[in-house]
Amino acid sequence: IYLMRAVVDGRIELSDRVQRHLDLCLDCRSCETACPSGVQYGRLIEPFRAEVHTGAGRPSAEQSAAHSTDWFHRWILFPLFPYPDRLRRALLPARLAQRLRVDRALEATGLIRLLPQQLQQMIRMLPPPVAVEGPLPGFFPAKGDRRATVALFTGCVGDAMFRHTNWATARVLQQNGCDVHVPRGQACCGAIHFHAGAGEPAREFAAQNLQAFPVDKFDAVINNVAGCGSMLKDYGHHWHDDKQSARTGFAAKVRDVNEFLDDLGLVPPPGEIRLAATYHDACHLAHAQGVRDAPRRLLGQI
């Protein structure tokens, strides 16, 4: 916080050393949980990065040039990740390599080190392929008495890599008496751009989501990805323009699926799962959204 203020006030230059220190922050927001004063650090670092991106944070000429020629952001992160169909197509060679175990051969022989560092990390982090159903239909009718009408936010990377989780989310909501709508015009939440300092594309994604989700028709907008949910819940804070009120209204309807089902009251599961489960708190769910007990209460009812 001190460094950010010093840069904005012009007391220090945004040098490579300062920039690296700020970039090492993963924005997990655990500092918000620890801070006795309740400082909302996430709402400071992200706008600062956006200001630096546009030049308002007084970056040096070298920093501006480096940012503008970042091949990973320009050719991979921004044009692929926010668009699930593009990302799925781009992943086809990697999926084939996984099935043929070529990825393991690259790792075993050390040839993977010939790739740029970012691509090495992406290959190692790519989850194994899962057989899933196709695109989600636009509507899932409630089973039993209808208790709520909700919209499901499917996300971009979430839909491309974890579509089976979206299907599971919709089915669980159905079983708990929810009519589930899946708006077709929805877009990336904007976090991919916003976390990287590109505020304007993120604002455009937010505008698209306002169009796709007529929130007055829904009791809640359900999300199952902690980072996306945090971004959606902060829509009313990031930009100050004529749509701020609409974004605030949208954000007020956003609920994590665990949070929503816990408040709604889970329909008692009829079966048993005799397993020992370990629950890991997602950073943005626990720290940014403050949702810690709901997932544990849901697990405790199985």
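The coordinates are above.
Procedures and definitions
- Residues numbered from 1 in each chain as written.
- Predicted model: local features only at pLDDT ≥ 70, side-chain atom pairs only at ≥ 80, totals over all residues.
- Heavy atoms only, no water.
- Buried < 20%, exposed > 50% of the residue type's maximum accessible area, 1.4 Å probe, protein only.
- Helix = DSSP H or I, 4+ residues; strand = E, 2+ residues; numbered from the N terminus.
- Pairing = 2+ DSSP bridges.
- Core = buried A, V, L, I, M, F, W, Y, C linked by side-chain atoms within 4.5 Å.
- Contact = heavy atoms within 4.5 Å.
- Arc of directions from axis to C-beta.
- Axes fitted to C-alpha atoms, helices over the stretch in contact; angles between N-to-C directions.
- Parallel < 35°, antiparallel > 145°, perpendicular 65-115°, else oblique.
- Left-handed = near helix turned anticlockwise from the far one by under 90°.
- Nonpolar A, V, L, I, M, F, W, Y, C, P; charged D, E, K, R; others polar.
- Phe/Tyr/Trp six-rings, centres within 6.5 Å; stacked < 30°, edge-to-face > 60°.

*Asks:* Sorry if this is basic, but what is going on with the pairing of strand 4 (residues 220–223) here?
*Replies:* Residues in a regular strand project their side chains so that they alternate between the two faces of the sheet. Burial of the side chains of strand 4 extends over both faces: Ala220 and Ile222 are buried on one face and Val221 and Asn223 on the other. Pairing of strand 2 (residues 148–152) with strand 4 involves three bridges; the strand directions are parallel. Across the sheet, Ala151 pairs through a bridge with Val221, a residue of strand 4. Looking at chain direction, strand 4 and strand 5 (residues 254–256) are connected through three bridges and run parallel. If you follow Val221 over to strand 5, its bridge partner there is Val254.

*Asks:* Explanation requested: the nonpolar core in the structure shown.
*Replies:* A general feature of soluble globular proteins is that nonpolar side chains tend to end up buried together. Core analysis: the largest hydrophobic core is formed by 21 residues, its most contacted members being Cys189, Phe213, Met231, Tyr235 and Phe250. Counting only elements with at least two residues in this core, the list comes to helix 12 (191–195), helix 13 (199–212), helix 14 (226–233) and helix 16 (244–253). The element best represented in this core is helix 13, accounting for four residues. If near-sequence neighbours (up to four positions away) are discounted, Met231 is found in contact with Cys189, Gly190, Ala191, Phe194, Ala202, His238 and Trp239.

*Asks:* Teacher, can you tell me more about helix 6 (residues 71–80) here?
*Replies:* In an α-helix, one turn spans 3.6 residues; hence positions three or four apart end up facing the same way. For helix 6, the full list of buried residues reads Phe72, Ile76, Leu77 and Phe78. Seen along its axis, helix 6 keeps its buried residues to an arc of 165°; they face one direction. Packing partners of the buried residues in helix 6 comprise helix 9 (117–125) and helix 12.

*Asks:* In this structure, what is going on with the packing of helix 17 (residues 257–264) against helix 19 (residues 293–300)? I would like to understand it.
*Replies:* The description of two helices packed together rests on the angle between their axes and the distance between the axes. Contact geometry for helix 17 and helix 19: axes closest at 8 Å, N-to-C directions at 60°. Judged by the angle between their axes, helix 17 and helix 19 are oblique. Viewed along their axes, helix 17 and helix 19 form a crossing whose handedness is left-handed. Of helix 19, the residues touching helix 17 (which contributes Asn258, Glu259, Leu261 and Asp262) are Ala294, Pro295, Arg297 and Leu298. Partitioning the contact of helix 17 with helix 19 into residue classes produces four nonpolar, one polar and three charged.

*Asks:* Sorry if this is basic, but what is going on with the packing of aromatic side chains here?
*Replies:* Given two aromatic rings, their pairing is described by the distance between the two centres and the angle made by the two planes. Going through the model one piece at a time under the given rule, you end up with eight aromatic pairs. Taking the centre distance of 5.9 Å and the plane angle of 85° together, the rings of Trp71 and Phe72 count as edge-to-face. The exposure class of Trp71 is partly exposed, given its relative accessible area of 33%. Relative accessible area serves as the criterion here: at 13%, Phe72 is assigned to the buried category. An angle of 35° between the planes, with centres 6.2 Å apart, marks the rings of Phe153 and Phe213 as tilted. Here Phe153, found in the loop between strand 2 and helix 10 (157–161), pairs with Phe213, found in the loop between helix 13 and strand 4; they are 60 residues apart in sequence, far enough to count as distant. Each member of the pair, Phe153 as well as Phe213, is classed as buried.

*Asks:* Help me understand the sheet that holds strand 1 (residues 139–140), please; the structure alone is not making it clear to me.
*Replies:* To summarise the sheet geometry, strands pair through backbone hydrogen bonds and adopt either a parallel or an antiparallel arrangement. Taken in spatial order, the five strands line up as 1-3-2-4-5 in an open sheet, and their pairing is mixed. The open sheet terminates on both sides in strands that have one partner only, identified here as strand 1 and strand 5. Sheet strands in contact with helix 16 are strand 4 and strand 5, and its direction is about 25° off that of strand 5. Running at roughly 90° to strand 5, helix 17 makes contact with strand 2, strand 3 (178–181), strand 4 and strand 5 of the sheet.

No statement about biological role is implied by the geometric values presented.
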